[in-house]
Amino acid sequence: MSKFKKTALTCALATAFLAGPNFTTPSYAAAAPSAVAQAQSTSAVKNSTLFLSGSRSYYPVVKLANTEAAYRIDCQIQRYIGRLCAGIDSGKYSFAAMDYSLRFEDNDLLSLVIKQYVYKDHAANGETRVYGKVYSKKTGKTIPLKNYLNVSAAQLQKAINDGQVIVRGSNGAKALAASNLIAPIKAVPHNYFLQREKDGSVGIGLIFQPGTIAPYSDGIIHVLFSSQEVQKLNALNK
């Protein structure tokens, strides 16, 4: 508990200092959270802001009737913020920003994607890191991918090669073909999100970090499974 309190205090001090009236905001600013998160007035996820390195960053705060579950989720989110604050305080990062999107929510689940962008001191380029987490509203615990999708790296590679899944770059904005990938799938990522399909079913998106399976210029890679493909793979791997 003491470690969490220290992290929260560090972030509070950073916020108070960087949000001061004499601080100049640089041209870079993190994008606002998704319209989905902003529009859902009944959502358990509330938007909050934090100033890091002078840029306005966004992070989710979870409000649930089950306060213990909400606290557990918020603690993990605070750890992400705490690592950025610690990097700035130590001089490891010369710049840091954070953003998020709410990808799915129902009475039992929350699917959040948290994106962090940092410049290490004297580095030529910045680095993007993305975390996709699905939380139980009942317990506040993260739900691992294996609870929803049972797939091996080889099966994932075959699904991409055969066009059974959709691959998108630039954080989901650009369609990619299997030929655009520069490296084979060596492991199934732990970061993922849920998303509502047009027919009302729930699909799964796997998240690959920039530069891991496609050129760095293609950004964050999403590999999207329809609910039908999820069912096929799970039946195959029973």
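Given the structure is predicted, the values throughout are model-derived calculations rather than measurements.

### Observations regarding the overall build of the chain
Thought 1: The secondary structure content of the chain amounts to five helices and ten strands.
Thought 2: Of all 238 residues assigned to the chain, the portion counted as buried reaches 46%.
Thought 3: Counted over contacts in the chain with a minimum sequence separation of 6, partners at least 24 positions apart contribute 61%.
Thought 4: With an accessible surface of roughly 12500 Å², the chain has 53% of that area assigned to carbon and sulfur atoms.

### A short note on the confidence of the model for the chain
Thought 1: Within the chain, residue pLDDT values average 83, and 83% of them lie at 70 or more.
Thought 2: Of all secondary-structure elements in the chain, the lowest mean pLDDT belongs to helix α1 (residues 2-18), at 37, while strand β9 (residues 202-208) reaches the highest, 97.
Thought 3: Segment residues 1-40: pLDDT under 50, and 58 contacts once partners within four positions in sequence are set aside and those in other chains are kept.

### A closer look at the packing of aromatic side chains
Each aromatic ring pair is characterised by the separation of its centres together with the angle its planes make.
Thought 1: All told, the structure shown has four aromatic pairs when counted by the stated rule.
Thought 2: Just above the ring of Phe 193 sits the side chain of Arg 103; from NZ or CZ to the centre is 4.1 Å.

### Some remarks on the pairing of strand β3 (residues 93-105)
Thought 1: A large share of β3 lies buried, amounting to eleven of its 13 residues.
Thought 2: In the sheet, β3 pairs with strand β4 (residues 109-120) via eleven bridges, with the strands oriented antiparallel. Looking at the pairing, Phe 104 lines up with Ser 111 of β4.
Thought 3: Between β3 and β4, which pair antiparallel one after the other, the connecting turn spans three residues.

### Considering the sheet that holds strand β7 (residues 174-176)
Thought 1: The five strands are arranged β7-β6-β10-β9-β8 in an open sheet whose pairing can be described as antiparallel. The open sheet has two edge strands, β7 and β8 (192-196), and neither has a second partner. Ignoring strand direction, the axes of neighbouring strands in this sheet form an average angle of 35°.
Thought 2: With five bridges connecting them, β8 and β9 associate as antiparallel partners. Bridge pairing in β9 links Gln 195 to Gly 203.

### Notes on the sheet that holds β4
Adjacent strands of a sheet pair through backbone hydrogen bonds, lying either parallel or antiparallel.
Thought 1: The strand order across the open sheet formed by three strands is β3-β4-β5, and the pairing between neighbours is antiparallel. Each of the sheet's edge strands pairs with one partner strand only, and the pair in question is β3 and β5 (127-136). When the angles between neighbouring strand axes are averaged without regard to direction, this sheet yields 15°.
Thought 2: Where helix α3 (residues 67-90) meets the sheet, its contacts fall on β3, β4 and β5, and the angle it forms with β3 comes to roughly 160°.

### Some details on the environment of Ala 187
Thought 1: Checked against the element boundaries, Ala 187 lands in the loop between β7 and β8.
Thought 2: Sequence separation between Ala 187 and Gln 157 is 30 residues, and the spatial gap between their C-alpha atoms is 9.7 Å.
Thought 3: With residues up to four places along the chain from it excluded, the contact list for Ala 187 reads Ala 153 and Phe 208.

### Remarks on the environment of Asn 234
Thought 1: With respect to the helices and strands, Asn 234 occurs in helix α5 (residues 227-236).
Thought 2: Beyond its immediate chain neighbours, meaning those up to four positions away, Asn 234 contacts Tyr 148, Leu 149 and Asn 150.

### Quick notes on α3
Thought 1: Along its 24 residues, α3 runs 33 Å from first to last C-alpha, staying within 8% of the 34 Å computed at 1.5 Å per residue.
Thought 2: Note on α3: the residue one or two positions beyond its end, Gly 91, has a positive phi of about 90°.

### Remarks on the pairing of strand β6 (residues 166-169)
Thought 1: Along β6, the buried face is formed by Val 167 and Gly 169; none of Ile 166 and Arg 168, which line the opposite face, is buried.
Thought 2: The pairing of β6 with strand β10 (residues 221-225) spans three bridges and is classified as antiparallel. Opposite Arg 168, over in β10, you have His 222 as the bridge partner.
Thought 3: Pairing analysis gives three bridges linking β6 to β7, with the strands arranged antiparallel. When the sheet's bridge partners are listed, Gly 169 is paired in β7 with Lys 174.
Thought 4: The hairpin turn running from β6 into β7, its antiparallel successor, is four residues long, and Ser 170 in that turn takes a positive phi close to 50°.

Procedures and definitions
- Residues numbered from 1 in each chain as written.
- Predicted model: local features only at pLDDT ≥ 70, side-chain atom pairs only at ≥ 80, totals over all residues.
- Heavy atoms only, no water.
- Helix = DSSP H or I, 4+ residues; strand = E, 2+ residues; numbered from the N terminus.
- Buried < 20%, exposed > 50% of the residue type's maximum accessible area, 1.4 Å probe, protein only.
- Contact = heavy atoms within 4.5 Å.
- Areas by Shrake-Rupley, 256 points an atom, 1.4 Å probe, with all protein chains shown as cover.
- pLDDT = per-residue confidence, 0-100.
- Phe/Tyr/Trp six-rings, centres within 6.5 Å; stacked < 30°, edge-to-face > 60°.
- Lys NZ or Arg CZ within 6 Å of the ring centre and 35° of its normal.
- Pairing = 2+ DSSP bridges.
- Axes fitted to C-alpha atoms, helices over the stretch in contact; angles between N-to-C directions.
- Expected span 1.5 Å × (residues − 1).

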